[in-house]
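Coordinate analysis (summary)
What follows is the residue order along each chain.
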Amino acid sequence: MCVMKSKMNKKPEVFISTYVDDSTVNEQQNKSFQKYVEFLKYFPLIVISVIILFLVALFFFLTKPISVYILFIIFIFLLIREITSLYFVYRMRKNIIGPLESLQRGVDEVAGGNYGFTIDVEDNNSLGTLIKSFNAMSYQLKMVRDTNDKYEMNRKKLLAGISHDLKTPITSILGYVEGISEGVANSPEKMKMYMDIIYKNAKYTNTLIDDLFLFSKLDINQMKYQMQKINVKDYFDDIFIEKKIDLEERGNIVKYFSEVDENMEMYIDPKMVYRIISNLISNAIKYNDKEQVVLKCRLEKIQGKNGIMVTVKDNGMGIEEKELDNIFDVFYRVDKARNKDIGGSGLGLSISRQLVEAHDGKISATSTLGKGTKFTFTLYDQKSKL
């Protein structure tokens, strides 16, 4: 089964201004700070050395005729002071200098392109809050970069898909036109066959261009929606009954269930919603491996909100679970084959998704191999956007 998907959100834009001051004053301040940090690293060793020297001096003085009690009091006082200083340096090292060094390392990592780099933080003081903010910024930068990378990849896939899907029918048209001009179509039957093939390829090319035009307008948010008030039951009954008559004339089975009030009204873009339903039903028909297609369509009201849920279920070949996350990608097809004989542009589900989201809804799919696929989408009243 071939299916197509995509939602290519508007490309995020991130403006980052970096101010660099290369003045001599800033360089001197930075050097002074680095010297201070180095001094703090060796400060415990200096304190221990001072204590040792003090003990040696104390031992020396004890051999002199000075009161032992006075020396002992002096010793205790100095020892307390040195221990207090050592504890102060330890706390400063742990709560200020260490976090600042970690923050500097994090800034260097992010500046080097390692977005998403985070710093472990335990304290809830001002520096801890600053580091948490840095982690949040780093994560957001990573998300933006990943989104941009995905956006660019989708752009490349779109260009590749356009090139492939346009080149195939155009090449075919040129080939058959050349055959006609050279007299290869030397009988009315052969001429009719050539003209039918040319018409078919031209129609396919025109459909592809129309879909690409609509897709490009949706992608750059230039689509102007015509929101109108409709009677929900009447509007959807007309669409599904029209599809039912057309499909059943070709030997298929369509079951339609409406579960909304007769007086329910909503503001939607009728033309675009019609396109969503047409895309889903068209996919269900084109990519069905059964002799007789069976469609079950259901319209329900969303409880507590002025919105509806529409379900279109087929009896086709189904889609593997690992493929379900990709079916809305641009030009994505489950069988990886590009067969223009099936018809369609490869943008149907991508366009449907964007149209659904323009009505504040969501579209999803569930599937069972060999039994079929069910598409579900929601729409909400758009009166506030008028």
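Refer to the preceding data block for the structure.
Fair warning: this is a prediction, and the values are worked out from it, not measured in the lab. (Residues numbered from 1 in each chain as written. Predicted model: local features only at pLDDT ≥ 70, side-chain atom pairs only at ≥ 80, totals over all residues. Heavy atoms only, no water.)

Let's shift gears to the packing of helix H4 (residues 188–219) against helix H7 (residues 348–358). Interhelical geometry of H4 versus H7 gives an angle of 40 degrees and a closest axis separation of 10 Å. Relative to H7, the crossing made by H4 is left-handed. Of the residues in H7, those touching H4 at Asp211, Leu214, Phe215, Leu218 and Asp219 are Ser350, Ile351, Gln354 and Leu355. (Axes fitted to C-alpha atoms, helices over the stretch in contact; angles between N-to-C directions. Helix = DSSP H or I, 4+ residues; strand = E, 2+ residues; numbered from the N terminus. Left-handed = near helix turned anticlockwise from the far one by under 90°. Contact = heavy atoms within 4.5 Å.)

Taking 1.5 Å as the rise per residue, H4 with 32 residues should run 46 Å; its terminal C-alpha atoms sit 46 Å apart, in good agreement. Once H4 ends, the next one or two residues include Asn221, with phi positive near 60 degrees. (Expected span 1.5 Å × (residues − 1).)

This paragraph deals with the pairing of strand E7 (residues 372–380). Burial runs high along E7: seven of the nine residues are buried. Relative to E7, strand E5 (residues 307–313) runs antiparallel, the two being bridged by seven bridges. The residue bridging Gly307 from the neighbouring strand is Tyr380, located in E7. Between strand E6 (residues 363–368) and E7, which follow one another and run antiparallel, lie three residues, and Gly370 among them has a positive phi close to 85 degrees. (Buried < 20%, exposed > 50% of the residue type's maximum accessible area, 1.4 Å probe, protein only. Pairing = 2+ DSSP bridges.)

Applying the stated criterion to the full structure yields 10 salt bridges. A salt bridge links Asp237 to Lys233; the nearest nitrogen and oxygen atoms lie 3.3 Å apart. Of the two residues, Asp237 and Lys233 are both situated in helix H5 (residues 232–249); the distance of four residues between them amounts to about one turn of the helix. In this structure, Asp237 and Lys233 share a single accessibility class: buried. Asp289 is paired through a salt bridge with Lys290; the nearest N and O atoms lie 3.1 Å apart. (Salt bridge = Lys/Arg side-chain N within 4 Å of Asp/Glu carboxyl O.)

Attention now goes to the packing of aromatic side chains. According to the stated counting rule, one finds four aromatic pairs in the structure shown. A centroid spacing of 4.8 Å and a plane angle of 85 degrees characterise the contact between Tyr176 and Tyr194, whose relative ring orientation is edge-to-face. Taken together, the positions of Tyr176 in helix H3 (residues 126–181) and Tyr194 in helix H4 put the pair 18 residues apart, joining distant regions of the chain. The exposure class of Tyr176 is partly exposed, given its relative accessible area of 26%. With a centroid separation of 5.0 Å and an interplanar angle of 85 degrees, the aromatic rings of Tyr235 and Phe236 are classed as edge-to-face. (Phe/Tyr/Trp six-rings, centres within 6.5 Å; stacked < 30°, edge-to-face > 60°.)

Turning to the side chain of Asn201, a few remarks are in order. The topology assignment puts Asn201 in helix H4. Asn201 sits in the buried class, given a relative accessible area of 2%. A polar side-chain atom of Asn201 sits 2.8 Å from the main-chain carbonyl oxygen of Ile197. (Polar contact = N/O pair within 3.5 Å; in protein donor to acceptor, adjacent residues only side chain to side chain.)

Right, let's talk about the sheet that holds E5 for a bit. Ordered by their spatial adjacency, five strands build an open sheet running E2-E4-E5-E7-E6, and the pairing between neighbours is mixed. Every interior strand has two partners, whereas the edge strands, strand E2 (253–259) and E6, have only one. The mean angle between the axes of side-by-side strands here comes to 15 degrees, regardless of whether they run parallel or antiparallel. Taken together, the seven bridges between strand E4 (residues 294–302) and E5 define a ladder with antiparallel strand orientation. If you follow Arg298 over to E5, its bridge partner there is Thr311. The strands touched by H5 within the sheet are E2, E4, E5 and E7, with E2 carrying the most contacts at an inclination of about 170 degrees.

Okay, the nonpolar core next. In terms of nonpolar packing, the biggest core is built from 49 residues, with Val232, Phe236, Ile308 and Phe377 touching the most fellow members. Among the elements that take part in this core, helix H6 (residues 270–286) stands out by supplying seven residues, more than any other. With residues near it in sequence (within four places) discarded, Phe236 still touches Tyr256, Val273, Ile277, Leu299, Ile308, Val310 and Leu379. Val110, Ile119, Ile131 and Phe134 belong to the second largest nonpolar core, which has six residues in total. (Core = buried A, V, L, I, M, F, W, Y, C linked by side-chain atoms within 4.5 Å.)

All right, on to the side chain of Ser138 then. Mapped onto the fold, Ser138 is located in helix H3. For Ser138, the side chain forms a polar contact with the main-chain oxygen of Phe117, separated by 2.8 Å. Beyond its immediate sequence surroundings of up to four residues, Ser138 is in contact with Val110, Tyr115, Gly116 and Phe117.

Attention shifts here to unusual backbone geometry. Excluding glycine, a negative phi dihedral is what most residues carry, and trans is how most peptide bonds are arranged. Even without glycine at this site, Asp360 takes up a positive phi of about 60 degrees. Relative accessible area serves as the criterion here: at 44%, Asp360 is assigned to the partly exposed category.

Take it as geometry only, folks, not as evidence of what the structure does.
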